[in-house]
Amino acid sequence: MKCEKEMQVIEATRNGLWTSSLRAHLQDCALCSQTELIAASLQEDAAKAERGLDLPPAGMVWRRAQARRRTDALQRATRRPFLVVGALGAVYSVVLLLWGISQLPQSVYRLLAASPGLTGNVALAGVALSGILAIVGSFVLVLETKR
Amino acid sequence: MDEQTFHALYAVTAKPLWAYIARMSGRPDVANDLLQETYCRFLTARGNLEPAQAKPYLFRIATNLVHDRWRKGEDTSWSEPPEIGCERDLDTQIDVRELMQQLKPRERQLLWLAYVEGMTHSEIAQATGLHAMSIRILLFRARQRAAELLGRKERAFHEV
């Protein structure tokens, strides 16, 4: 399945330096002659592709990479404060919600439990919704800054 | 890596890398962009690598970029138009191009890295992300398929 001279054949196809023993081996070894056929075809194609090629100048690529590096560094530097602000926002929202609930007088609970009318339900839903939105908003902020 | 070292690395690797990207993607028109992106990613992520170690890593980045294009559906087929050349060259060119078209992307990649770049199995493993142990068998299968396709073409030529 593998011939030990395969690498030598590939190298010889690349640099054109064929020894007589390697040439003789090529006549006897089906694997190596296969290798030589494919390698020569592909290498000719590669040489053709590289001929007359108009590559972007190295200096331009270097400058582009440096600009990218600076942008990445700036993004990394600004990401941390955003993360802290997002996390603090989330904590603040949760604490505020808990505090708000604890401040509701017992009479309000009784009133809501006794007569769950339209006003009571709307008020309760409003409090719950604003709390949820505040928490979700903070998490979105955290996720966005993380990204 | 300083600018001078990069210039030297670029001079040695840019052309083969361009040819690899162009042949793997089948899109010479986007090869320049992918080439620049490859070096940008290399310099921002692994700019401290020794030039000798850089080659497989550059090919790895280029491979990932080409795969990304396939995944996003930006390149769905082999779309390279045939170039004009002398008759013999054109024959060879069309042969190789047909061969590349008929091979699976992975086969194309392995054959190119092994036979054009002359990479060892461990270097190919580094460049492709495949396990070094599987390179040997995958390369063997790819070579058999390529030889079969080239042989079929040759037989058809002699019959005509």
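Quick caveat, the model's predicted, so the values are computed rather than measured.

**Structural notes on the packing of helix H4 (residues 58-103) of chain A against helix H2 (residues 28-46) of chain B**
Part 1 of the reasoning: Contact geometry for H4(A) and H2(B): axes closest at 9 Å, N-to-C directions at 50°. The angle between the axes of H4(A) and H2(B) places the two elements in the oblique class. Crossing of H4(A) over H2(B) shows right-handed handedness. Two secondary-structure elements touch here, H4(A) through Met60(A), Val61(A), Trp62(A), Arg64(A), Ala65(A), Arg68(A), Arg69(A) and Asp72(A) and H2(B) through Gln36(B), Glu37(B), Tyr39(B), Cys40(B), Arg41(B), Leu43(B) and Thr44(B).
Part 2 of the reasoning: Grouping the constituent residues of the contact of H4(A) with H2(B) by class yields seven nonpolar, two polar and six charged.

**A short note on the side chain of Glu107(B)**
Residues and elements named next belong to chain B.
Part 1 of the reasoning: Positionally, Glu107 belongs in helix H5 (residues 105-116).
Part 2 of the reasoning: Owing to a relative accessible area of 11%, Glu107 belongs among the buried residues under this scheme.
Part 3 of the reasoning: Excluding its chain neighbours within four sequence positions, the residues that come into contact with Glu107 are Ala142 and Arg145.

**Some words on a nonpolar patch on the surface**
Residues and elements named next belong to chain A.
Part 1 of the reasoning: Together, Phe82, Val85 and Leu141 line one region of the surface with nonpolar side chains, adding up to about 270 Å² of accessible area.
Part 2 of the reasoning: Within the secondary structure, Leu141 is located in helix H6 (residues 118-146).
Part 3 of the reasoning: Judged by its relative accessible area of 35%, Leu141 falls in the partly exposed class.

**Topic: the side chain of Gln36(B)**
Part 1 of the reasoning: Looking at the secondary structure, you find Gln36(B) in helix H2.
Part 2 of the reasoning: Note on Gln36(B): relative accessible area 9%, which makes it buried.
Part 3 of the reasoning: If we skip the residues at most four places from it in the chain, Gln36(B) touches Pro56(A), Met60(A), Val61(A) and Arg64(A).

**Details of helix H6 (residues 121-128) of chain B**
Residue and element names in this part refer to chain B.
Part 1 of the reasoning: Turning to H6, its buried residues number three or more, namely Ile124, Ala125, Ala127 and Thr128. Along H6, the residues classed as buried sweep out an arc of 165° about the axis, all on the same side.
Part 2 of the reasoning: Once H6 ends, the next one or two residues include Gly129, with phi positive near 85°.

**Regarding the interface of chain B and chain A**
Part 1 of the reasoning: Counting from both sides, the interface comprises 48 residues of chain B and, opposite them, 36 residues of chain A.
Part 2 of the reasoning: Roughly 4,000 Å² is buried in total at the junction of chain B and chain A, and carbon and sulfur atoms are behind 66% of that figure.
Part 3 of the reasoning: Area buried by chain B at its contact with chain A is led by Gln36(B), Tyr115(B) and Arg143(B), which between them contribute 17% of it.
Part 4 of the reasoning: Viewed at the interface, chain A and chain B are joined by four salt bridges.
Part 5 of the reasoning: For the pair chain B and chain A, the number of links is 13 residue pairs in polar contact (both at pLDDT 80 or more).
Part 6 of the reasoning: When residues of the side of chain B that touches chain A are traced back to their parent elements, those giving at least two are helix H1 (3-25), H2, helix H4 (87-102), H5 and helix H7 (132-159) of chain B.
Part 7 of the reasoning: No other element matches the ten residues that H1(B) contributes to the side of chain B that touches chain A.
Part 8 of the reasoning: Tallied by class, residues from the side of chain B that touches chain A come to 24 nonpolar, eleven polar and 13 charged.

**Comments concerning the packing of helix H1 (residues 6-15) of chain A against helix H3 (residues 30-50) of chain A**
Residues and elements named next belong to chain A.
Part 1 of the reasoning: Close contact between H1 and H3 brings their axes to 9 Å; oriented N to C, the two are set at 30°. Classified by the interaxial angle, the pair formed by H1 and H3 is roughly parallel. Where H1 crosses over H3, the handedness of that crossing is right-handed. Contacts between H1 and H3 involve Glu6, Val9, Ile10, Thr13 and Arg14 on the former and, on the latter, Cys32, Thr35, Glu36, Ala39, Ala40 and Gln43.
Part 2 of the reasoning: Classifying every residue of the contact of H1 with H3 by side-chain character gives five nonpolar, three polar and three charged.

**Considerations on the state of the cysteines**
Covalently bonding the sulfur atom of one cysteine to the sulfur atom of another cysteine gives a disulfide.
Part 1 of the reasoning: All chains considered together, the criterion is met by zero disulfides over all chains.
Part 2 of the reasoning: Just so you know, Cys29(A) is unpaired, no disulfide at all, and the nearest cysteine sulfur is the one on Cys32(A), 3.7 Å from it.

**Overview of the confidence of the model for chain B**
Residues and elements named next belong to chain B.
Part 1 of the reasoning: Considering every residue of chain B, the mean pLDDT works out to 79; 79% of them sit at 70 or more.
Part 2 of the reasoning: Considering only residues more than four positions removed or in separate chains, one finds that residues 77-88, a stretch of pLDDT under 50, has 22 contacts.
Part 3 of the reasoning: Scored as a whole, the predicted complex attains pTM 0.69, and scored at its interfaces, ipTM 0.75.

**Details of helix H3 (residues 51-72) of chain B**
Residues and elements named next belong to chain B.
Part 1 of the reasoning: Along its 22 residues, H3 runs 31 Å from first to last C-alpha, staying within 8% of the 32 Å computed at 1.5 Å per residue.
Part 2 of the reasoning: Looking at the packing, one finds that the buried side of H3 touches H1, H2, H5 and H6.
Part 3 of the reasoning: Backbone geometry just downstream of H3 places Gly73 in the positive-phi region, at approximately 80°.

The rules we used
- Residues numbered from 1 in each chain as written.
- Chains lettered and ligands numbered in written order.
- Predicted model: local features only at pLDDT ≥ 70, side-chain atom pairs only at ≥ 80, totals over all residues.
- Heavy atoms only, no water.
- Axes fitted to C-alpha atoms, helices over the stretch in contact; angles between N-to-C directions.
- Helix = DSSP H or I, 4+ residues; strand = E, 2+ residues; numbered from the N terminus.
- Parallel < 35°, antiparallel > 145°, perpendicular 65-115°, else oblique.
- Left-handed = near helix turned anticlockwise from the far one by under 90°.
- Contact = heavy atoms within 4.5 Å.
- Nonpolar A, V, L, I, M, F, W, Y, C, P; charged D, E, K, R; others polar.
- Buried < 20%, exposed > 50% of the residue type's maximum accessible area, 1.4 Å probe, protein only.
- Patch = residues over 30% accessible without salt bridge, like charges linked within 9 Å, V, L, I, M, F, W, Y side chains within 5 Å.
- Areas by Shrake-Rupley, 256 points an atom, 1.4 Å probe, with all protein chains shown as cover.
- Salt bridge = Lys/Arg side-chain N within 4 Å of Asp/Glu carboxyl O.
- Arc of directions from axis to C-beta.
- Buried area = accessible area lost by both parts, 1.4 Å probe.
- Polar contact = N/O pair within 3.5 Å; in protein donor to acceptor, adjacent residues only side chain to side chain.
- Disulfide = S-S within 2.5 Å.
- pLDDT = per-residue confidence, 0-100.
- Expected span 1.5 Å × (residues − 1).

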